[in-house]
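Chain and residue survey
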Amino acid sequence: MASWDIEDTKHPHASLALAAARAGGWSPLVSDRYQWLEVDLGRRTRITAVATQGRYGSSDWLTAYLLMFSDTGHNWRQHWQEDSLGAFPGNSNADTVVQYKLKQPVIARYLRLIPLDWNPTGRIGLRLEIYGCRYTSDVANFDGSSSLVYRRSVRPIWKPMVFVSLKFKTLKNSGTLLHAEGNGDHSLTLVLEKGRLLLYHQQGVSSSSGGQLLVSVGSLLDDQHWHHVKLERLSSHLNLTVDKNTHQVHIPVELSRWDIHQLSLGAVQSHGLQKPILSNRNFHGCMENLLYNDLNLIHLAKRNNHQASVVGNVTFSCAEQVSVAVTFTDSKSFLQLPGLTSWSSGVVSVALQFRTWNKAGLLLTFDLVQQEGTVWLYLSEGRLRLQINKAGRARLELSAGSGLNDGQWHHVELNSRQDHLSITVDTDKGATAHTSIPLLLTADSQLFFGGCPVQERSQECKNPFKVFQGCMRLFTVDNQPVDLIKVQQRLLGNYSHLQIDMCGIIDRCSPSHCEHGGRCIQSWSTFHCNCSNSGYRGATCHSSRYEKSCEAYKHKGNTSGHYHIDVDGSGPIKPQLIYCNMTEDMAWMVIQHNNTELTRVYSSPERNQHSAHFDYASEEEQLAAIISQSEHCEQELSYHCRKSRILNTPEGAPFAWWVGGPDAGEIQTYWGGALPGSRQCACGLQDNCLDSNHYCNCDADYDQWADDSGLLAHKGSLPVRSLVLGDIQRAGSEAAYRVGPLRCHGDKNFWNAAFFDKETSYLHFPTFHGELNADIAFLFKTKSSSGVFLENLGIKDFIRIELSSASEVVFSFDVGNGPLEVRVETSIQLNDNRWHSIRAERNVKEASLRVDEFPAATQEAPADGHSHLQLNSQLFIGGTASRQKGFLGCIRSLQLNGVTLDLEERAKITPGVRPGCPGHCSSYSSLCQNQGRCVERVNGFSCNCDQSAYTGAFCHKEVSASFKSSTSVAYNFKEPYEPNRNSSTLPFSIYSDMTLRGENISLSFRTSQCPALLLYVNSFYREYLALLINMHDELELRYKLHSSRDVEVMGSRVTNLADGRLHTVIIRRLADTVSVQIDKNTREDFSLTSDVEFHGIKSLILGRVQDSAELDAGLASLASLGFTGCLSGVFFNSISPLKAALLHPDSPVIVSGPLAQSSCGSSSPANPYATETTHSLSDQPGSVDPGQPLVNAIRSDSALIGGVIAVVIFVTVSALAIMARFIYSRKETYRNQEVKAAQPEDGHELPFSSQADSLSAPSENQKEYFI
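Since the model is a prediction, treat every value here as computed from it, not as a measurement. (Residues numbered from 1 in each chain as written. Predicted model: local features only at pLDDT ≥ 70, side-chain atom pairs only at ≥ 80, totals over all residues. Heavy atoms only, no water.)

**Quick notes on unusual backbone geometry**
Of all residues except glycine, most have a negative phi; of all peptide bonds, most are trans. Cis geometry marks the peptide bond from S510 to P511, where omega comes out at 0 degrees. Tracing the chain through its elements places P511 in the loop between strand 38 (498-500) and strand 39 (519-522). Put simply, C1010 and P1011 share a cis peptide bond, and its omega is 0 degrees. Relative to the helices and strands, P1011 resides in the loop between strand 75 (998-1007) and strand 76 (1012-1019). Even without being glycine, C541 reaches a positive phi, approximately 55 degrees. (Helix = DSSP H or I, 4+ residues; strand = E, 2+ residues; numbered from the N terminus.)

As structure tokens, this is what we get:
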């Protein structure tokens, strides 16, 4: 160990290079990690750099070292580089000078260099040079009862920015730092509470709460080191900076022009009635360079300026209290102190202070030699525990305190007398435990703190608990303080792996690396983030758990419902619960506001206007992001009027307007269905207004109800924020309006893609900035087995994601600690030209990589090392800077830290890269269920349900209907032969054109009727197929495929089918082989013996058979009973008769009797959000004039009989029209068809022969839209 002093500080830097002339440099006698070189610069100096050399003419040099700084020669503070890297690189030989410039100058008098590693073939050797300059400051010392007060003598001139800046140091963890009073009885108070700075706002006479907490900043500020604080008041917010961490606080409007009239430092000196935030707890410590704007307040006080006065004993030098602490760094750390001769009296007292983040750890242990026992004083779950063990058994256990792992200093005492034993925490009597067991120690006893020596032969120290990691200080044994400097000099006791004369505790949660409200929890060496209820996941709660749009949820197979949407992924915008309507081809995001109902407005001569404001369920930034990323947005704006005008004349001032658009919005004077800026309604655009002289129907000013309604679809004007109606004060004026929810569909980001068709092609973007947190997500598809997806380089750092083989993806990066790789190997080939997803994340805790739904691979970051990713080149997509290992294929929806890169726009101007990427059905066709067919779209896909008995976004919704006994649904395949249509055509050729050699039938039913006919298919040749429940409650299938032969009956062994529960039947026939499966029961197989061809198919009937003349006697009686219950998902080859009857009334279906669509076919409760219900005006109850809207929220109490009659007539006519449309049957001519070859038994379906399918089903180009 050595200590050199330098007295000469006249030069701009102090140098030890002269040591080379004497001994070639510094080299201690023993080369180990307990050596150091200490330099006294004579006074506080601004140190900017250090330079090292090896010892002159030798093989002695350092390869790594630590730097410590101090103002007093005690309480050292380790200097950390960026990224919590403590070690500095040294030399590689004895002659080369290695200089390290401090990124932030250090103010200190003392510097200590501690060797970590050195040349293995030599010894510790060093020549050192320190660069810096003189540092001057104004310092004030506060003793806990003093303060400094600054009062402005003249009325202040308001300035847009006011700041207070100072530096402070203290050993006390609580106290009032400053108190600022200003106009309007407003005040700001900055207090130190448990080592953190808290900023409070008060107004007038304070409540019992003591003010409003605005922000909490910093941690462990009671470490007797200088900390810089700056408080800035800007026009709309405050900035509070502690050291390097700045927090922004939005302030009340009344503080925007607030200025300071009086400023108190060290205590609250208030002339008002405000209650101090910390009663009787003034600041105890030092402050320097106390600036208020351009005024140095300490300098003013030293000169006895009348504006700056001193209260109490304020001195202008820093009187620092010396407190020597010791840091237990790892599992090998321990401190051993010898016993005292006074212990023979039986009185033992040991006290210390400690601070730690760990819940568990040994504080103190010693043996009871005379009693053959051991005493352990330790932490467990944050509580202090004492255990006395004898002969391997615990004879006594005590506990005291709680939450002692909070990083604060806690005082612990162990006292023992012959009849008394107690442990005390923080002098709290409620945490004191007593016992009558004495501790008999001798002068030979040894006290071990923190842990035990690692030597196996050590029998006098055993630690069955975790070692202590943290700081201890103020050791006393029998009320005598322990001199830790003597311990450091090996003059007292023993120790290992300790840092003496410093507390090296670090608050890894200040500032917190946990994002999005994640809760930071730490131990001595690490931290983790609790992401519960945050909506985010990952080591730092960085990645969102939710999708960015309804479109993304749809392409994961989700149906309509409420979903959490995180529009910017890992960005700052919070997730929101949004209803996704996926019953159409598009996935709509529906955002409600506080009044989507039709609202009635009555005339009132007392007011000139009626205004309405609309508050949306989503926050402002969420709305803006949704509208921006959606392909299309719209909002209904309806206005129903009687003698209530909208726009007046084309040139005049409008009577009504609305406000829409981002932020506060702008006044809009066009109406629903018209174009922005047109000052028109929809009828004006279409030139069909009631009065051709006006551009709105309502502007005709008729004394009858009119309507101006339509959709607002210009995204720049959405959402509608408020509505103003002006023409409502005249007698007889009436109006009703409705502003619907905001509806958006399409996700421009989700489908943004580029196709790379050359290995040398790539896209480039600006440098990716993901210094501490970087998440990258995208989809790709390729036929190639390798290629680089993404690369960004720095001087040394880099980040890259590549496909290394057909089944492996590699995420590699370097942040200065050497290259790291995270690999995921999949069990499938990734070059199958289907979409695959990749998500990579790198943060200060770990790096992770996930491919599709395979388990994620992770790689932990080193505990101490670089953590900032520093890149400076362009970001390459689809290739590398060297143009090697380029990617061939498509990349889609590339998002970096939640921001989507516009690949398509960049691809338009880049050779070798094409915008967009078709071919989505190869990946998403499996989402189309129940024979639904995937249809390609430019952006995505849709499911065509024409050939399915189901409907919905994925052909997943069953089409169900409730049947009464009189209900009949008949689907006609061919029209009966009419001789006068074509007399030359033989009847046989007409009747034989629909011949089947097999059927594929499925349906679900729910009934209590027994017997019951479920399905009946007949032909022109008196052949038929019947599916029924017989009188024994069993399923029965009847085939008659030859008119001259008997019917063949196949009965299932499954019973109790008329039990009111839902049952599903699947029937397949291939020639003479028939299989029947009911629910999940075993499939039953049957054989036909009469014939295998079903000739001349005529019709398929559900429910009652109207014409029973051709039926067998037994079947006719059953058919006359009809069917009562529910039928669902009826499918016969490619025909869905029930779906055609309910949803396509122009199909060849005849419906007789009541038929109502219902959810009776669902085995689970209906989803209340499955569809969006829209009520038409005629659906609303009430009495109105002709054309008058009916209002949900506000209904008129005045009923007009004429309105009732009009509504009744309208409903009646509408019902008749619908019935007529159902009854109407489209007629088609017959064509000769031949039966297709029989297909394997596992085939999906057996279509009709020839053109039967195309004639009876919608065209392939048609799509279903169910809104």
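Read on, since the account is not over.
**Digging into the sheet that holds strand 49 (residues 656-660)**
The four strands are arranged 47-52-49-50 in an open sheet whose pairing can be described as antiparallel. Across the chains shown, the open sheet's two edge strands, defined by having one partner strand only, are strand 47 (610-613) and strand 50 (666-668). Looking at each pair of strands side by side, their axes are set apart by 20 degrees on average, direction ignored. Pairing geometry for strand 49 and strand 50, over three bridges, is antiparallel. Residue pairing across strands places G660 opposite E666, the latter belonging to strand 50. (Pairing = 2+ DSSP bridges. Axes fitted to C-alpha atoms, helices over the stretch in contact; angles between N-to-C directions.)

**Structural notes on the pattern of salt bridges**
Side chains bearing opposite charge may pair, as long as their charged atoms lie close to each other. Throughout the structure, instances matching the rule amount to 35 salt bridges. In this structure, E999 and R1069 form a salt bridge, with 2.6 Å as the shortest nitrogen-oxygen distance. Separated by 70 residues along the polypeptide, E999 in strand 75 and R1069 in strand 80 (residues 1063-1070) bring together distant segments of the chain. According to the relative accessible area criterion, E999 is buried, its value standing at 1%. Taking relative accessible area as the criterion, R1069 reaches 0% and is therefore assigned buried. (Salt bridge = Lys/Arg side-chain N within 4 Å of Asp/Glu carboxyl O. Buried < 20%, exposed > 50% of the residue type's maximum accessible area, 1.4 Å probe, protein only.)

**Quick word on the pairing of strand 77 (residues 1024-1029)**
Extensive coverage of strand 77 is indicated by the burial of six of its six residues. Here strand 77 shows no split at all, with Y1024, A1026 and L1028 on one side and L1025, L1027 and I1029 on the other all buried. Bridge count between strand 76 and strand 77: six bridges; the pairing is antiparallel. For L1013, the partnering residue across the bridge sits in strand 77 and is L1028. Where strand 76 folds back onto strand 77 in an antiparallel hairpin, the turn is made up of four residues, including R1022, whose phi is positive at roughly 60 degrees. In terms of strand pairing, strand 77 meets strand 78 (residues 1035-1040) through six bridges, oriented antiparallel. Across the sheet, residue L1025 finds its bridge partner in strand 78, namely Y1039. In textbook terms, the turn of a hairpin is the stretch between consecutive antiparallel strands, and for strand 77 and strand 78 this stretch comprises five residues, one of which, D1033, has a positive phi near 65 degrees.

**Here's the deal with the sheet that holds strand 86 (residues 1155-1158)**
Here seven strands make up an open sheet; going across it, the order is 82-81-80-75-84-73-86 and the pairing antiparallel. The open sheet has two edge strands, strand 82 (1084-1087) and strand 86, and neither has a second partner. Geometrically, the sheet is characterised by an average inter-axis angle of 25 degrees between neighbouring strands, direction not taken into account. Sheet topology places strand 81 (residues 1073-1078) next to strand 82; four bridges connect them, and they run antiparallel. Paired with V1076 across the bridge in strand 82 is E1084.

**Section: the state of the cysteines**
Going through the model one piece at a time under the given rule, you end up with 16 disulfides. The disulfide partner of C509 is C520, and the gap between their sulfur atoms is 1.8 Å. Across the S-S bond linking C509 and C520, the dihedral sits near -70 degrees, which makes this disulfide left-handed. In this pair, C509 is assigned in the loop between strand 38 and strand 39 and C520 in strand 39, connecting sequence segments 11 residues apart. Take C509 and C520: they sit in the same class, and that class is buried. (Disulfide = S-S within 2.5 Å.)

**Things to note about the environment of L234**
By the secondary structure assignment, L234 is in the loop between strand 16 (227-233) and strand 17 (237-242). For L234, a relative accessible area of 21% gives the class partly exposed. Separated by 23 residues in sequence, L234 and R257 have C-alpha atoms that sit 8.9 Å apart. Look past the residues within four positions of L234 in its chain and what remains in contact with it is P160, M161, N239, I251 and S256. (Contact = heavy atoms within 4.5 Å.)

**Digging into the packing of aromatic side chains**
Taken as a whole and judged by the stated rule, the model has 29 aromatic pairs. With 6.0 Å between their ring centres and 70 degrees between their planes, Y639 and W671 make a pair best called edge-to-face. Taken as a pair, Y639 in strand 48 (residues 630-642) and W671 in the loop between strand 50 and helix 6 (682-686) lie far apart in primary sequence, 32 residues in all. What links up through ring pairs into an aromatic cluster is the set F756, F778, F780, F789 and F887. The ring of W36 has R112 sitting right over it, with the charged end atom 4.2 Å from the ring centre. Across the ring face of W588, the terminal group of R743 is positioned such that the distance to the ring centre comes to 4.1 Å. (Phe/Tyr/Trp six-rings, centres within 6.5 Å; stacked < 30°, edge-to-face > 60°. Lys NZ or Arg CZ within 6 Å of the ring centre and 35° of its normal.)

**Observations regarding the nonpolar core**
If you look at the biggest cluster of nonpolar residues, it comprises 70 residues, and the most contacted ones within it are I565, Y639, W671, L723, L742 and F941. When residues no more than four places from it in sequence are discounted, the contact partners of L723 are H610, S611, A612, F614, L637, W657, W658, W671, Y737 and V739. The next biggest cluster of nonpolar side chains, apart from the first, holds 47 residues, and it includes F963, M994, L1015 and F1132. (Core = buried A, V, L, I, M, F, W, Y, C linked by side-chain atoms within 4.5 Å.)

**What to know about the side chain of T365**
Looking at the element boundaries, T365 is found in strand 27 (residues 361-368). The buried category is assigned to T365, whose relative accessible area is 2%. At a separation of 3.2 Å, a polar atom in the side chain of T365 contacts the side chain of W376. Discounting chain neighbours no more than four positions away, the residues touching T365 are T374, V375, W376, Q446, L447, F448, C452, C461 and K462. (Polar contact = N/O pair within 3.5 Å; in protein donor to acceptor, adjacent residues only side chain to side chain.)

**Observations concerning the confidence of the model for the chain**
Summing up the model confidence of the chain, the mean pLDDT is 83 and the portion of residues at 70 or higher is 85%. Of all secondary-structure elements in the chain, the lowest mean pLDDT belongs to helix 13 (residues 1252-1256), at 31, while strand 24 (residues 325-328) reaches the highest, 96. This model gives residues 1164-1211 a pLDDT under 50, and the stretch forms 74 contacts once residues within four places in sequence are excluded. (pLDDT = per-residue confidence, 0-100.)

**Here we look at helix 10 (residues 1113-1121)**
The set of residues buried in helix 10 consists of L1115, A1116, L1118 and A1119. Along helix 10, the residues classed as buried sweep out an arc of 165 degrees about the axis, all on the same side. The exposed residues of helix 10 that point more than 90 degrees off its buried face are A1113 and G1114. If you follow the buried residues of helix 10, they end up packed against strand 76, strand 77 and strand 78. (Arc of directions from axis to C-beta.)

**Digging into the environment of L1111**
Turning to its location among the elements, L1111 is positioned in the loop between strand 83 (1097-1103) and helix 10. You can call L1111 buried: its relative accessible area is 9%. In the structure, L1111 is positioned 88 residues away from E1023 in sequence and 9.5 Å away in space, judged by C-alpha atoms. Here L1111 is in contact with Y1016, V1105, A1116 and A1119, once residues within four sequence places are set aside.

**Brief notes about helix 5 (residues 620-629)**
Here helix 5 has its buried residues at Q622, L623, A625, I626, I627 and Q629. Taken together, the buried residues of helix 5 touch strand 44 (576-581), strand 45 (588-591), strand 48 and strand 54 (742-747).

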